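As a plain string of letters, each chain reads:
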Amino acid sequence: MKKVVKFGGSSLASAEQFMKVGNIIRQDESRRYVVPSAPGKRFSGDVKVTDMLYDCYAAAVEGQNFDDKLDMIHKRYQEIIDGLNLKFSLDEDFETIKDNFSRKAGQDYAASRGEYLNGKIMAAYLGTEFVDAADVVRFNDDGSFNDKVTNDLLSERLSGLEKAVIPGFYGAKEDGTVVTFSRGGSDISGSLVALAVHADLYENWTDVSGFLIADPRIVKNSKSIEIITYKELRELSYMGASVLHEDAIFPVRKAGIPINIRNTNAPQDKGTLIVESTCRQSKYTITGIAGTDGFAAITIEKAMMNSEIGFCRKVLQVFEDNGVSIEHMPSGIDTMTIFVHKDTFEEKEQKILSDINKAVHPDHIELESDLALIAVVGRGMKSTRGTAGRIFSALAHAHINVKMIDQGSSELNIIVGVRHEDFKNAIRALYEIFVLTQL
Ligand code: ASP
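Let me begin by describing the structure that accompanies this report. As the structure is a computational prediction, the values presented were derived from the model and not from experiment.

1. Regarding the sheet that holds strand E10 (residues 288–301)
Part 1 of the argument: Strand order in this open sheet of six strands is E11-E12-E10-E13-E15-E14, and the pairing throughout is antiparallel. Of all strands in the sheet, those with a lone pairing partner are strand E11 (326–328) and strand E14 (404–407), marking the two edges. Recorded for the sheet is a direction-independent mean angle of 40° between the axes of neighbouring strands.
Part 2 of the argument: Two strands pair when backbone bridges link them, and E10 and strand E13 (residues 364–377) are joined in this way by 11 bridges, in the antiparallel orientation. In the sheet register, Ala290 faces E13, and the bridge partner there is Ala375.
Part 3 of the argument: Contacts from helix H11 (residues 311–321) reach E10, E11 and strand E12 (335–341) within the one sheet, and its direction differs from that of E12 by about 20°.
Part 4 of the argument: Docked against the sheet, helix H12 (residues 342–360) engages E10, E12 and E13, running at close to 135° with respect to E13.

2. What to know about the packing of aromatic side chains
Part 1 of the argument: In this structure the tally under the stated criterion is 10 aromatic pairs.
Part 2 of the argument: Between Phe7 and Trp205, the ring centres sit 6.0 Å apart and the planes meet at 20°, which makes this aromatic pair stacked. Separated by 198 residues along the polypeptide, Phe7 in strand E1 (residues 3–7) and Trp205 in strand E6 (residues 201–206) bring together distant segments of the chain.
Part 3 of the argument: With a centroid separation of 6.4 Å and an interplanar angle of 75°, the aromatic rings of Phe101 and Tyr109 are classed as edge-to-face.
Part 4 of the argument: Given the relative accessible area of 9%, Tyr109 is considered buried.
Part 5 of the argument: Following the ring pairs from residue to residue traces out a cluster consisting of Tyr57, Phe66, Phe101 and Tyr109.
Part 6 of the argument: Seen from the ring of Tyr125, Arg26 lies directly overhead, with NZ or CZ sitting 5.0 Å from the centre.
Part 7 of the argument: Sitting over the face of the ring of Tyr170, Arg113 holds its NZ or CZ atom 5.5 Å from the ring centroid.

3. Overview of the packing of helix H1 (residues 15–27) against helix H5 (residues 107–126)
Part 1 of the argument: Here H1 crosses H5 at 55°, and the two axes come no closer than 11 Å. Comparing the axis directions of H1 and H5 gives the class oblique. Between H1 and H5 lies a crossing of right-handed hand. Residues Phe18, Met19, Val21, Gly22, Ile25 and Arg26 of H1 lie in contact with H5, whose contacting residues are Asn118, Ile121, Met122, Tyr125 and Leu126.
Part 2 of the argument: A class-by-class count of the residues in the contact of H1 with H5 yields eight nonpolar, two polar and one charged.

4. Re the nonpolar core
Part 1 of the argument: Counting residues in hydrophobic clusters, the biggest one holds 117 residues, and the most contacted among them are Phe101 and Leu158.
Part 2 of the argument: Those residues in contact with Phe101 that lie beyond four places of it in its chain are Leu53, Cys56, Tyr57, Ala60, Phe66, Leu70, Tyr109 and Ala110.

5. With respect to the layout of surface pockets
Part 1 of the argument: The computed volume of the largest pocket comes to approximately 1100 Å³.
Part 2 of the argument: What lines the largest pocket is a set of 46 residues, among which Thr206, Asp207, Ser242, Val243 and Leu244 lie closest to the centre.
Part 3 of the argument: Listing elements by their share of the lining of the largest pocket, those giving two or more residues are helix H2 (49–61), helix H8 (186–196), E6, E10 and helix H14 (423–436).
Part 4 of the argument: A total of three residues in the lining of the largest pocket trace back to one element, the largest contributor, which is E10.
Part 5 of the argument: Split into classes, the residues belonging to the lining of the largest pocket amount to 20 nonpolar, 16 polar and 10 charged.

6. Comments concerning H11
Part 1 of the argument: Turning to H11, its buried residues number three or more, namely Phe311, Val315, Val318 and Phe319. Considered in projection along H11, the buried side chains sweep an arc of 95° and stay on one side of the axis. Exposed residues pointing more than 90 degrees away from the buried face of H11 are listed as Arg313, Glu320 and Asp321.
Part 2 of the argument: Buried residues along H11 sit against E10, E11, E12 and H12.
Part 3 of the argument: Phi turns positive one or two residues past the end of H11, at Gly323, with a value near 70°.

7. A look at the packing of helix H3 (residues 67–83) against H5
Part 1 of the argument: In contact at an axis separation of 11 Å, H3 and H5 are set at 15° when each is read in the N-to-C sense. When the axes of H3 and H5 are compared, the pair comes out roughly parallel. H3 and H5 meet at a crossing whose hand is right-handed. Of the residues in H5, those in contact with Tyr77, Ile80 and Ile81 of H3 are Arg113, Gly114, Leu117, Asn118 and Ile121.
Part 2 of the argument: Tallied by class, residues from the contact of H3 with H5 come to five nonpolar, two polar and one charged.

8. Here we look at a negative patch on the surface
Part 1 of the argument: Together, Asp91, Glu92, Glu95 and Asp99 make up a region of like negative charge exposed at the surface.
Part 2 of the argument: In this fold, Asp99 is placed in helix H4 (residues 91–102).
Part 3 of the argument: Judged by its relative accessible area of 49%, Asp99 is partly exposed.

9. So, the environment of Leu154
Part 1 of the argument: Here Leu154 shows up in helix H7 (residues 147–159).
Part 2 of the argument: Judged by relative accessible area, which is 1%, Leu154 ranks as buried.
Part 3 of the argument: When the C-alpha positions of Leu154 and Phe311 are compared, they lie 52 Å apart, and in sequence the two are 157 residues distant.
Part 4 of the argument: Apart from the residues lying within four places of it in its own chain, the contact partners of Leu154 are Val136, Leu192, Val193 and Ala196.

Cut-offs used in this document
- Going along each chain's sequence as written, the residues are numbered from 1 onward.
- Local features in this predicted model are restricted to residues of pLDDT 70 or higher, and side-chain atom pairs are both shown and tallied only at a pLDDT of 80 or more, whereas totals for entire chains, interfaces and linings draw on every residue.
- Remark: hydrogens and water are excluded; side-chain values derive from all non-hydrogen atoms of the structure.
- The pairing criterion for strands is at least two bridges between them, as found by DSSP.
- Strands here are runs of E lasting at least two residues and helices are runs of H or I lasting at least four, both read from the DSSP assignment and numbered beginning at the N terminus.
- As a rule, the C-alpha atoms of each element are fitted with a line to give its axis, helices using only the stretch in contact, and angles between N-to-C directions run from 0 to 180 degrees.
- Contacts: residue pairs with any heavy atoms within 4.5 Å of one another.
- For Phe, Tyr and Trp, where Trp contributes only its six-membered ring, two rings pair if their centres lie within 6.5 Å, and the inter-plane angle classes them as stacked under 30 degrees, edge-to-face over 60, or tilted in between.
- The classification of residues rests on relative accessible area computed with a 1.4 Å probe and restricted to protein chains. Under 20% of the type maximum is buried, over 50% is exposed, and intermediate values are partly exposed.
- Here, a charge over a ring is recorded when the distance from Lys NZ or Arg CZ to the ring centre is within 6 Å and its angle to the ring normal is within 35 degrees.
- Roughly parallel means an angle under 35 degrees; roughly antiparallel, over 145; roughly perpendicular, 65 to 115; everything else is oblique.
- It is the rotation of the near helix from the far one that decides the hand of a crossing: anticlockwise by less than a right angle makes it left-handed, clockwise makes it right-handed.
- Each residue gets one label: Ala, Val, Leu, Ile, Met, Phe, Trp, Tyr, Cys and Pro are nonpolar, Asp, Glu, Lys and Arg are charged, and the others, such as Gly, are polar.
- By nonpolar core we mean a set of buried residues, namely Ala, Val, Leu, Ile, Met, Phe, Trp, Tyr and Cys, connected to one another through side-chain atoms within 4.5 Å.
- Of the two site types, the cavity is a set of points on a 1 Å grid over the protein atoms alone where a 1.4 Å probe fits but cannot get out, and the pocket is an open set with protein on both sides within 12 Å along at least five of seven lines, each lined by residues with an atom within 4 Å of a point.
- Grid points are joined across faces, edges and corners, and a volume is the space filled by probe spheres set on the points.
- Directions drawn from the helix axis to the C-beta atoms are what define this arc.
- Excluding any residue in a salt bridge, patches collect residues exceeding 30% relative accessible area, merging like charges within 9 Å and nonpolar Val, Leu, Ile, Met, Phe, Trp and Tyr side chains within 5 Å.
- For every accessible area listed, the method is Shrake-Rupley and the probe measures 1.4 Å; residues are considered covered only by the protein chains on display.
- A carboxyl oxygen of Asp or Glu within 4 Å of a side-chain nitrogen of Lys or Arg is what we treat as a salt bridge.
- A residue counts as positive if it is Lys or Arg and as negative if it is Asp or Glu; His and the chain ends are not included.
- We put the charge of a Lys on NZ, of an Arg on CZ, of an Asp on CG and of a Glu on CD.

This is the structure in structure tokens:
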């Protein structure tokens, strides 16, 4: 058994957190490859080291004195080193970083030092080899990620190592220029390492016990999801549920490696297992509920629309020409409604309306803003009758008017559109009917 373990920023924010991580790693011999993030927040209101680095580098670029800002970062690491009683110093590294900041080595280089330094501490703490991600994660000259070369470099380097620490979030071009992934990108690094070493499991340790069925800010004490498929996860993430960086899924999914989201502060919890497919039914008909606010709907009405060949295409063309992405498109016989993100639409509203008028000469166009979309997702819906019925009845009981309903043909999700002011109550009503009453 071979596991890759990635630890997020809050799991490595202090010496105390490092000790929890050390225990987790030592508890299981198969936890061989460790991918750390930079130290995150220790308490609410604290600042992540990555943000401190961005800020410090911005001062350097503006030609300001950045000594104090860099000292503060050094102090964060020194506190961890002291708290772990390590005979280990980052003094030389900080000298190098200072020089490189002065000669403006780049924002990505600056941000990457968070993971680089934390990786060095982790390697010293565990007594494990440190592998600099700049040597094994490759970006092309244009800044895009090179998966093929990365996989070759990582497999070759790690095949000779029983255990290793590989910092997350960054890599480098062939000429050594450091490049980072987007924020939260250590998740991607962990996934790449798991692919390269043919891991049996990619454990992603964070500060929650996996995915929750519903957003805990809306549903208090929401239960967590034990097992979820990649497809279900994609549906929920699209609607705003986020624990894992989206791009982290592709490498391991391709190789059939499951991801287990675990909680560093509650290692006894099993967390959420993300798999390609499973015959294990979820406990409830649904796997999860997620929603996003801030949609606008444009309803176009025209008598005999259904017999006008090319009508939909012409309307869609207007949105494409104006660079506005369409999220959903429910339609009737003589109406079609287009759901778009309000912010992107509002900028071009009048131009789009006039283009639609020119393209299809509708009888009437109606606009509605402040709508929310809620996805009820679950592989169990396929084999269960009456899911849509229950959704409607839960919402009706909560006095919520449904503006739209859309069921994908895969029967993996049902999306309902409601008014902004009903958004939270709708999620609570759906959670109640599917989870609390266990229908
Ligand atoms: N430290 C980086 C960030 O704050 C990357 C990561 O934690 O995954 O976004």
